[in-house]
Amino acid sequence: QLVEGGCAGCGVKLQTTANDKPGYIPDSALEREPAICQRCFRIKNYNDATTVTIDQDDFIKLLGGIANTESLVVHIVDIFDFEGSLISGLQRFVGNNPVLLVVNKIDLLPKGVNLNRLRNWVQKQAKTQGLRILDVVLCSAKRNMGFERVIEALGEHRGKRDVYVVGATNVGKSTLINRLIHDFSDLERELTTSRYPGTTLDAVHIPLDDGHDIIDTPGIVYAHRMTEVVPRDVLQALLPDKPIKQLVYQLNEQQTLFIGALARFDFIEGARQSFSLYISNALPVHRTKLERADELYADHKGVMLAPPKAEQLDEIPAWTRHRLTIRRGTDTDIYISGLGWIHVNSGDGALVDIHAPKGIRVLLRDALI
Ligand code: GDP
């Protein structure tokens, strides 16, 4: 059955009979003003359509396919979990296609952070990881910071090519694509998403007016990120939503900090110095003497030391210990993937232990801030 008038989104003739054919609109949606076809409806409400995730093997196959295309690759990473959300080996998979690095969630950084310094830091880290990038764009998809620059960079670098958007889960890929679709259709007439998006098994094609597509790939799940191994309600506490206020602790050696029951930091050896925690402010921190730490954990895990709650402790891998030596005179972060980092400005050096769920990536890096 044909419906009068076209879809207000893409202009296709509307019909209510075949839900696998263009222009389909469910009877129930006919009343909606303006009437739009189901596909346009899905683009508008894109968040619902992108819960797709895949594992490493399928992801690598998909990425490998990009090498045979002529496209611009937009790699979205999360500034709060930079190393953890960077796709290692991306360069190999995408072949000669240029990569634009979009660093999302900069709204989470403490106020007054020097963005030029941050950009240099990102560039240096990306280079260390073997990634050749065209450009770095810092933005917040959620708070609409730096987004004009994202659009601009896409305009500059896209030419007449498709755009592949790749990223790990929870970096804000769907938030960003939503905004892209919105802004492209608002700001750049010729780039409106005027045809209906087709979906293949593994990627969502969002057509642009010039015959090219934005292609959203599924988010890759990395088990080395704390965010990917915790239950849903713990994720809420783990992902900050406001600018992080750093927590500064002046510690003597042989003191311990618990971050909920998610990780433990032991200052083993070194002169009294300050350690600044950059973690979600929803996570409680407890300080104790190293000699009491095991007992405190045994007695209070899952209750005072939470999240996770007692009944969730088994859902997370048991802790392993990482012993780290922070060299004299360095400005270093102890980075715990998905949880955040501990900044050490170490005049005298320090020996520390991090206890974190097995498999979670823990490393030292040049200070981000
Ligand atoms: P995806 O899995 O990569 O598609 O990520 P989503 O778009 O679903 O976002 C994952 C989480 O990060 C959600 O809780 C978002 O609200 C949040 N998020 C996305 N973009 C931003 C941002 O720019 N800043 C902040 N603070 N949070 C963001």
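All values reported here derive from a predicted model rather than from experimental measurement.

Participant: Could you give an account of the site of the ligand, with specific residues and numbers?
Facilitator: Around the ligand sit 20 residues, and of these Lys 142, Gly 172, Lys 173, Ser 174 and Thr 175 come closest. Looking at which element gives the most residues to the shell around the ligand, the answer is helix α7 (residues 173-187), with three residues. A per-class count over the shell around the ligand returns four nonpolar, ten polar and six charged.

Participant: Could you give an account of the confidence of the model for the chain, with specific residues and numbers?
Facilitator: Looking at the chain, the pLDDT average stands at 86 and 88% of residues meet or exceed 70. Counting contacts from residues 47-52, a segment whose pLDDT is below 50, to residues more than four positions away or on other chains yields seven contacts. Across residues 186-201, where pLDDT falls below 50, the model places 35 contacts with residues more than four positions away in sequence or in other chains. What the predictor reports for the complex is a pTM of 0.84 with an ipTM of 0.99.

Participant: Could you give me a rundown of the sheet that holds strand β17 (residues 319-326), with the residues and numbers involved?
Facilitator: Strand order in the open sheet formed by five strands is β16-β13-β14-β20-β17, and the pairing between neighbours is antiparallel. In the strand order of this sheet, the two ends are held by β16 (285-289) and β17, each with one partner. Across the sheet, the mean angle separating the axes of adjacent strands is 20° when strand polarity is ignored. With five bridges connecting them, strand β14 (residues 263-269) and strand β20 (residues 350-357) associate as antiparallel partners. What sits directly across from Arg 264, in β20, is His 355.

Participant: Explain the domain arrangement of the chain to me, and be specific about the residues and the numbers.
Facilitator: The domain architecture assigned to the chain consists of domain 1 (2-44), domain 2 (48-220) and domain 3 (233-366). A straight line from the C-alpha centre of domain 2 to that of domain 3 covers 31 Å. Listed as interface residues are ten residues of domain 2 and, on the opposing side, twelve residues of domain 3. Looking at the side of domain 2 that touches domain 3 residue by residue, the classes come out as five nonpolar, one polar and four charged.

Participant: Requested: an account of the pairing of strand β10 (residues 213-216), with residues and values cited.
Facilitator: With burial as the criterion, each face of β10 is covered, one bearing Asp 213 and Ile 215 and the other bearing Ile 214 and Asp 216. Of the strand pairs in this sheet, strand β7 (residues 162-167) and β10 are connected by three bridges, and their pairing is parallel. Pairing of Tyr 164 across the sheet is with Ile 215, part of β10. Pairing of strand β9 (residues 204-207) with β10, which is carried by four bridges, proceeds in the antiparallel orientation. Each bridged residue has a counterpart across the sheet, and for Pro 207 the counterpart in β10 is Asp 213.

Participant: How would you explain the environment of Pro 34 if you had to name every residue and give the values?
Facilitator: Mapped onto the elements of the fold, Pro 34 is located in the loop between β2 (13-15) and α1 (38-44). Along the sequence, Pro 34 and Ala 8 sit 26 residues apart, while their C-alpha atoms lie 6.1 Å from each other.

Participant: Could you give an account of the sheet that holds strand β19 (residues 340-346), with specific residues and numbers?
Facilitator: In any sheet, the strands associate via hydrogen bonds between backbone groups, in a parallel or an antiparallel arrangement. One open sheet accounts for five strands, arranged β12-β15-β19-β18-β21; its pairing is antiparallel. The two strands at the open ends of the sheet, each matched to only one other strand, are β12 (247-251) and β21 (362-366). Recorded for the sheet is a direction-independent mean angle of 25° between the axes of neighbouring strands. With five bridges joining them, strand β15 (residues 273-279) and β19 adopt antiparallel strand pairing. Of the residues in β19, the one forming a bridge with Leu 277 is Ile 342.

About the thresholds
Residues numbered from 1 in each chain as written. Predicted model: local features only at pLDDT ≥ 70, side-chain atom pairs only at ≥ 80, totals over all residues. Near = placed C-beta within 6 Å. Helix = DSSP H or I, 4+ residues; strand = E, 2+ residues; numbered from the N terminus. Nonpolar A, V, L, I, M, F, W, Y, C, P; charged D, E, K, R; others polar. pLDDT = per-residue confidence, 0-100. Contact = placed C-beta atoms within 7 Å. Pairing = 2+ DSSP bridges. Axes fitted to C-alpha atoms, helices over the stretch in contact; angles between N-to-C directions. Domains from an automatic or database assignment. Buried ≥ 20, exposed ≤ 12 C-beta atoms within 10 Å, placed from the backbone.

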